[in-house]
Structure formats: structure tokens, C-alpha cells
Amino acid sequence: MTLALWRHARIASFAPGRPWGWIEAGALLAQGDALRWVGPEAELPAGLRPEVEHDLGGALVTPGLIDAHTHLVYGGDRATEFELRLQGASYEDIARAGGGIRATVAATRAASDDELFASAAARARALMREGVTTIEIKSGYGLSQVHEARCLAVAQRLGRELPLTVRTTSLAAHALAPEYEGRADDYIADACRWLADQQAQALVDAVDAFCDTIGFTPAQTERIFQAAQRLGLPVKLHAEQLSDQGGAALAARYRALSCDHLEYLSADGVAALRAAGTVAMLLPGAYYFLRETKLPPVAALREAGVPMAIATDHNPGSSPCLSLLLMLNMACTLFRLTPEEAWRGVTTHAARALGLHDRGMLAAGQRADFVVWDAEHPREIAYRFGHNPCRRVVRGGVQRMQS
Ligand code: DI6
Ligand code: FE
């Protein structure tokens, strides 16, 4: 396997031990798709003879970014709903009137596999242009056995056809399918059966649900978690987004990888996440776009040492956002994370939220996924917004220029 050296770099490795995992005058040595060595260039082991050498001219290098919560595969858009909300209708009003998620379900079911793939690929490419190398994609706009499986398969096809790692999450318990009106418990029973099928077809890496007044109850959510547990699949949860349902504590009992949104998270919820080692996934795009006013309890999460991740939550209804870099800035301005916390949120903590141990920092043994930036320091990238200083992306040791 080729040994390739990237030298003359300033590296924010996010490896533990130093702020930012900072390495001044650093170098990275990759063998195949993994990092063999990362450190100060002056300490490069003498015995290693790279076959390829890249001089980065003192540029900043960070791990490849990880967008660990997206709903990227869907048909249509919800621009009309945006107009209605601007005229005063609430997100919940629209959902209860049969719009919202259900409108996207109709458009998704009507789209062909190729149409779903083409629209999702365009969105994925937008994220990748900013240095995203790993992405989680949820189903949840099919809401039937066939359409949920189709959306998961489209997500996996993105991972095969684009230079991107895709992790899929089954979110059949996103909204009640129209065919099941008034029969939410029957829907949950069927969704649990579909999960076994998705697992048998190797379509799914994790299981999620929307536990809220316009979603599913904690009891229904728990039935989904039990089905996931029987199949050996890890869980995560859209929890405490619009109200406090005790969802985070429930998910923590099932050792959830992450609990996501969390604006209405209680002190007990914080303690439960901490005890379970669950990641708190903060989604400033949805907070902003729904003009939410209740902030997630960031100070309490920080105090408790709960790892915080940041993602786009890209979806057509509450966060039609295709910029993880903008989320870095919003995590700081809206949620008061420090720039370093926000960066850990799209690297190390995002990896943990996906149960991935081979990425999220730059160190020997990790995947050679990294980004070369036109910036001196990552804090600058959190500070600017509407600006993309991504210069090159190296994924699995293979370098790609940015277009
Ligand atoms: N919470 C959200 O913010 C998204 N899903 C969820 O459970 C919104 C999905 C949509 O409005 O289409
Ligand atoms: Fe979401």
C-alpha cells in the first residue's frame, strides 16, 4: 500500500490532550486509507519512506467533517409551507392539518428511485464541498415497508457512488402514515416488523423515532427501541424538540448513541444522558428555522460533561440547510458553544454519535479523511459565515481538489 506524506501543515487533530489537538508544523502520513502517523514534522520517524509527498505550504488541516443527523432523501420541497409559517401558522398547526412531514411523504412516494437519488446526491455534494466526508441519512418520508426500504437503499447508493461514507438510520416512527389514521399503535407494530426486514437486507445501521406531541408517545417509542434491541441495532431519538416528553431518559435506558434537538431537555434528562454516555446532538438549523425561543441547556450539558455534537438536520420542513459550516457558526452564536466545542461537535463527538471509532480525529490508526483549509485556525471557520474556505478534501487517503 502506498505511503503518502502531507507535510508543512498546521493541524487541528482533535486528538485528546491539547486544546484543538493542535500540532504546529505538522505532517500526516497515510498508508492506503488509514493514517499511519500524525505529529510534528521534525519528529517524523526516520525509517518511513513515503512514495508520494504533498507540501501544504503551512495550510490548516482538520479531520473530515461528519454530518451525523440528516434526512437527505425525500421528494419535493416545502417552500409553500415556509410562506404559511411566515403568515403566522405554526409548524405544529401545519402538521396537524395534514401538511408538514406528510406532504413530503406524498412527494417522496411519488418520486422514482432515480429521482430520489439525483436530488439527494445534489444535496450530498453541497455538503461535501464544505469538507463533509461522513454523513448519516435517515429514512422517515416513506412510512410504508416498501417506501422506507427504498429510501434507505437510495441512501446507501449515495455511499457507493460518491466519495462519502453513509450511515443509514431507520426512522419509520417519524410521523403516522396516512393509511393508519387513528391507529398509531398498529402503525408502530408494523414499523417494528419492517425493521426486521431492513436488518435482514442490511439496509440499516441504527434506529430513530420522533417522540413528541406531533410524533409518537414514549410508550410507542419504547416499542420501537425494544424491536431495535432484539435485532442488535443501536438507537437514537428526536427528543425534547417541541416539548418535554422524558424521551431522553427513555433513550438513555436503551443506551442511545445520541439524543437529538433537546431544546426542552430537563435536568433529569441531562443526568440520564450523562449516566448512559449518550451524545447530545444539537441542531441549530431547526432551532433557527422554526424560530424556537427555548434554548437547549448547553451550560448544564457542559457542566455534566455530556459530549455535544452538531449537525445540519437537513430536511425540507424544519432545516432546509446544506451547510455544516454555517451550523458551526450558529452553534456558537445561538447556543453559545465555544468554537472548539462546535468543532468537536462536527468531528469527534459526531463520530461517537454514529458509533464510529475510526474517524473524527487525526491520529495513527484513524481513517485518512481530512480537509485542507484556506484559514489559519479553525476558530476563523466558526467565526465567518456564508464563506467556504475548503481547499481540498482527502478521503480514505485519496486527494480531491475542490471545484
Ligand atoms: N423533527 C424535525 O425537526 C424534523 N423531523 C423531526 O422529527 C422535521 C421533518 C419535517 O418537517 O419534514
Ligand atoms: Fe431530524
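Basis of the calculations
- Residues numbered from 1 in each chain as written.
- Chains lettered and ligands numbered in written order.
- Predicted model: local features only at pLDDT ≥ 70, side-chain atom pairs only at ≥ 80, totals over all residues.
- Heavy atoms only, no water.
- Helix = DSSP H or I, 4+ residues; strand = E, 2+ residues; numbered from the N terminus.
- Rg over C-alpha atoms; globule rule 2.2 N^0.38 Å.
- Buried < 20%, exposed > 50% of the residue type's maximum accessible area, 1.4 Å probe, protein only.
- Contact = heavy atoms within 4.5 Å.
- Areas by Shrake-Rupley, 256 points an atom, 1.4 Å probe, with all protein chains shown as cover.
- Polar contact = N/O pair within 3.5 Å; in protein donor to acceptor, adjacent residues only side chain to side chain.
- Core = buried A, V, L, I, M, F, W, Y, C linked by side-chain atoms within 4.5 Å.
- Donors = N, O, S within 2.8 Å, 3.2 Å for Na, K, Ca; no water.
- Tetrahedral: all angles 85-135°; square planar, octahedral: opposite > 155°, others 65-115°.
- Pairing = 2+ DSSP bridges.
- Axes fitted to C-alpha atoms, helices over the stretch in contact; angles between N-to-C directions.
- Parallel < 35°, antiparallel > 145°, perpendicular 65-115°, else oblique.
- Left-handed = near helix turned anticlockwise from the far one by under 90°.
- Nonpolar A, V, L, I, M, F, W, Y, C, P; charged D, E, K, R; others polar.
- Near = heavy atom within 4 Å.
- Phe/Tyr/Trp six-rings, centres within 6.5 Å; stacked < 30°, edge-to-face > 60°.

Undergrad: Describe in detail the overall build of the chain, supporting the description with residues and values.
TA: Scanning the chain from terminus to terminus reveals 15 helices and 15 strands. Taken against the 2.2 N^0.38 rule, which gives 22 Å for 403 residues, the C-alpha radius of gyration of the chain at 21 Å falls within 12% of a compact globule. For the chain, the C-alpha atoms occupy an extent of roughly 70 × 45 × 45 Å along the three principal directions. Burial analysis of the chain (403 residues in total) assigns 59% to the buried set. The contacts of the chain with a sequence gap of at least 6 include a subset with a gap of at least 24, amounting to 71%. Element-wise, carbon and sulfur atoms account for 51% of the exposed surface of the chain, whose accessible area totals about 15,500 Å².

Undergrad: Describe the environment of R384, with residues and values.
TA: Tracing the chain through its elements places R384 in the loop between α15 (378-383) and β14 (390-395). Linking R384 and N329, residues 55 residues apart in sequence, is a C-alpha distance of 7.1 Å.

Undergrad: Report on the side chain of H377, specifying residues and quantitative values.
TA: Mapped onto the elements of the fold, H377 is located in the loop between β13 (370-373) and α15. Under the relative-accessibility criterion, H377 is labelled buried at 12%. At a separation of 3.0 Å, a polar atom in the side chain of H377 contacts the main-chain amide nitrogen of R379. The contact partners of H377, leaving out residues within four places of it in the chain, are W20, W22 and L60.

Undergrad: So what about the nonpolar core? Which residues, and what values?
TA: Core analysis: the biggest nonpolar cluster contains 100 residues, and L158, Y187, L273, L301, W343 and W373 have the highest contact counts within it. Ignoring any residue separated from it by four or fewer positions in sequence, one finds L158 in contact with L72, F117, A120, A121, I137 and V166. Residues A30, V61, L362 and F370 belong to the second largest nonpolar core, which totals 17 residues.

Undergrad: Report on the coordination of the iron ion (ligand 2), specifying residues and quantitative values.
TA: Protein ligation of the iron ion (ligand 2) involves H69 (NE2), H71 (NE2), H238 (NE2) and D313 (OD), the donor distances falling in the range 2.1 to 2.3 Å. The site at the iron ion (ligand 2) holds four donor atoms, and with the angles between them running 83 to 168°, its shape is irregular. Of note, the iron ion (ligand 2) draws all its donor residues from one chain, in the sequence arrangement H-x1-H-x166-H-x74-D. Here H238 is found in strand β9 (residues 236-239), whereas its partner D313 is found in the loop between β12 (308-310) and α12 (324-333), with 75 residues between them in sequence. On the accessibility criterion, H238 (3% relative accessible area) is buried.

Undergrad: Break down the sheet that holds strand β7 (residues 165-173) for me, with residues and values.
TA: Spatial strand order, β5-β6-β7-β8-β9-β10-β11-β12: eight strands in an open sheet with parallel pairing. Both outer strands of the open sheet, β5 (65-67) and β12, are each paired with one neighbouring strand and no more. Within the sheet, the average angular offset between the axes of one strand and its neighbour, ignoring direction, is 25°. Pairing of strand β6 (residues 132-138) with β7, which is carried by five bridges, proceeds in the parallel orientation.

Undergrad: Tell me about the packing of helix α6 (residues 184-200) against helix α7 (residues 218-230), and please be specific about residues and values.
TA: Running from N to C, α6 and α7 cross one another at 15°; their axes reach a closest spacing of 9 Å. Taken together, α6 and α7 sit at an angle that is classed as roughly parallel. Crossing of α6 over α7 shows right-handed handedness. Counted together, A184, D185, I188, A189, A191, C192 and L195 of α6 and Q220, R223, I224, A227 and A228 of α7 form the full contact between these two elements. Residues that form the contact of α6 with α7 fall into these classes: nine nonpolar, one polar and two charged.

Undergrad: How would you explain the site of ligand 1 if you had to name every residue and give the values?
TA: Around ligand 1 sit 14 residues in total, of which R78, Y91, Y141, H174 and S318 are the nearest. At a separation of 2.5 Å, an oxygen atom of ligand 1 approaches a polar side-chain atom of Y91. The separation between an oxygen atom of ligand 1 and a polar side-chain atom of S318 is 2.6 Å. Within the complex, the protein chains bury 100% of what would otherwise be the 320 Å² of accessible surface of ligand 1. Classifying every residue of the shell around ligand 1 by side-chain character gives four nonpolar, eight polar and two charged.

Undergrad: Quick rundown of the packing of aromatic side chains? Include the residues and the values.
TA: Inspection of the entire model under this criterion finds 11 aromatic pairs. Taken together, a centroid distance of 5.1 Å and an interplanar angle of 85° make the contact between W6 and F370 edge-to-face. Placement of the pair is W6 in strand β1 (residues 3-12) and F370 in strand β13, with a sequence separation of 364 residues. In this pair, the class of W6 matches that of F370, namely buried.

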